[in-house]
Amino acid sequence: MTVKSSLSARLPRSSQWSQWSRAATLALACSTAVVATGCASLAPPTPVEPTAGASVEHYRGRFSVRYEQNGEPRNTYGNFDWQQSGDNATLQLLDPLGQTQAIVRENPRSASLELPGKAPLTGARLDDVMRDALGFALPVGGMRYWLRMQGAPGSQASIERDPQTQRPTHLKQDGWTIDYQAYFDGTPLRVKRVDLSREAGGAPLAVRLVIDE
């Protein structure tokens, strides 16, 4: 089974999640890329402050990443907490025990990655900084818009919709394919599960987000 096709397997359902989490904790606690710096933990980030004319959007859930590092297939799992207001976004990655292991902050003027025991890492391209530190890079800039089910400004995006419900089913932009797998009931429309994939430099990268709230 290839790295890309193996991600198509479902994440554990909520009824199975606690059992999976316990089984995965020993394997993940000190060996995945997210915790490559050791078993230390970061202090959780302060809440994102609302910017003028924009409210705070908040997503919590679980993530799965499949990627290649030095030609070897790797994967990591955990929880995430995403906050954004206007152009300001903060992504917190946590291990299955709820310990903060990485924090990404991005806005149009700056971007940084925080890891346990290290000063914040910055660079002209946050993708390169994340890839060097974690082994993979999440498209934080695009995700600000893709979680809203819309293309990011500055480049062309194509969106496919369900002909009956008109809900977005697929979005393609900047080499990424975003598949909207499930939505919460009710209004306003909110995505519940989304898959992101990209062939980056010949190395497959696939991300699954399951939003719990």
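Residues numbered from 1 in each chain as written. Predicted model: local features only at pLDDT ≥ 70, side-chain atom pairs only at ≥ 80, totals over all residues. Heavy atoms only, no water.

Asker: I tried to follow the overall build of the chain on my own but got confused; where do I start?
Answerer: Each helix and strand in the chain was counted, giving four helices and eleven strands. In the chain, which comprises 213 residues, the share counted as buried stands at 46%. Across the chain, contacts joining residues at least 24 apart in sequence account for 45% of those joining residues at least 6 apart. Total accessible area on the chain stands at roughly 11,100 Å², and carbon and sulfur atoms take up 48% of it. (Helix = DSSP H or I, 4+ residues; strand = E, 2+ residues; numbered from the N terminus. Buried < 20%, exposed > 50% of the residue type's maximum accessible area, 1.4 Å probe, protein only. Contact = heavy atoms within 4.5 Å. Areas by Shrake-Rupley, 256 points an atom, 1.4 Å probe, with all protein chains shown as cover.)

Asker: Help me out: how do you make sense of the environment of L209 in this one?
Answerer: Looking at where L209 falls in the secondary structure, it is placed in strand β11 (residues 203-211). Measuring from C-alpha to C-alpha, the distance between L209 and V65 comes to 9.0 Å, with 144 residues separating the pair along the chain. The contacts of L209, once residues within four sequence positions are left out, are R62, F63, F80, M143, L147, K192, R193, V194 and L196.

Asker: Help me understand the pattern of salt bridges in this model?
Answerer: Oppositely charged side chains may form a pair once their charged atoms are brought near each other. Enumeration over the complete set of coordinates arrives at seven salt bridges. Residues E57 and R148 are paired through a salt bridge, measuring 2.9 Å at the closest nitrogen-oxygen approach. Remark: R148 occurs in the loop between α4 (140-146) and β7 (157-161) and E57 occurs in strand β1 (residues 57-69); sequence separation between them is 91 residues. (Salt bridge = Lys/Arg side-chain N within 4 Å of Asp/Glu carboxyl O.)

Asker: Please explain helix α3 (residues 126-134) as it appears in this structure.
Answerer: Two residues of an α-helix separated by three or four positions point the same way, owing to the 3.6 residues in each turn. Buried within α3 we find L126, V129, M130 and L134. Buried residues of α3 fall within an arc of 100° about the axis and therefore sit on the same side. Positive phi appears at G135, one or two residues downstream of α3, with a value of about 100°. (Arc of directions from axis to C-beta.)

Asker: Whenever I open this one, the nonpolar core confuses me. Can you help?
Answerer: The nonpolar side chains of a soluble globular protein tend to be buried, and buried together. Core analysis: the biggest nonpolar cluster contains 39 residues, and F80, W82, L113, L138, Y180, L196 and L209 have the highest contact counts within it. When residues no more than four places from it in sequence are discounted, the contact partners of F80 are Y59, R60, G61, R62, F63, L91, Q92, L93, L94, L209, V210 and I211. (Core = buried A, V, L, I, M, F, W, Y, C linked by side-chain atoms within 4.5 Å.)

Asker: How do you make sense of the confidence of the model for the chain when you look at a structure like this?
Answerer: Close inspection of predicted coordinates is inappropriate in any region flagged by low pLDDT. Per-residue confidence for the chain gives a mean pLDDT of 81, with 79% of residues at or over 70. Segment residues 1-38: pLDDT under 50, and 57 contacts once partners within four positions in sequence are set aside and those in other chains are kept. (pLDDT = per-residue confidence, 0-100.)

Asker: What is the right way to read the side chain of S112 from this model?
Answerer: Mapped onto the fold, S112 is located in strand β5 (residues 110-114). Excluding its chain neighbours within four sequence positions, the residues that come into contact with S112 are I103, V104, R105, P120, L121, T122 and L126.

Asker: Can you help me understand the packing of aromatic side chains in this one?
Answerer: Pairs of aromatic rings are described using the distance from one ring centre to the other and the angle between the two planes. The full count for this structure, using the stated rule, is three aromatic pairs. Aromatic side chains W146 and W176 sit 6.3 Å apart centroid to centroid with 50° between the ring planes, which places their arrangement in the tilted category. Placement of the pair is W146 in helix α4 and W176 in strand β9 (residues 176-183), with a sequence separation of 30 residues. Judged by relative accessible area, W146 falls into the buried class, the value being 4%. Centre to centre, the rings of Y180 and Y183 are 6.3 Å apart; their planes meet at 25°, and the pair counts as stacked. Look at Y180 and you get buried, because its relative accessible area is 7%. If you follow R190 out to its NZ or CZ, it ends over the ring of F184, 4.6 Å from the centre. (Phe/Tyr/Trp six-rings, centres within 6.5 Å; stacked < 30°, edge-to-face > 60°. Lys NZ or Arg CZ within 6 Å of the ring centre and 35° of its normal.)

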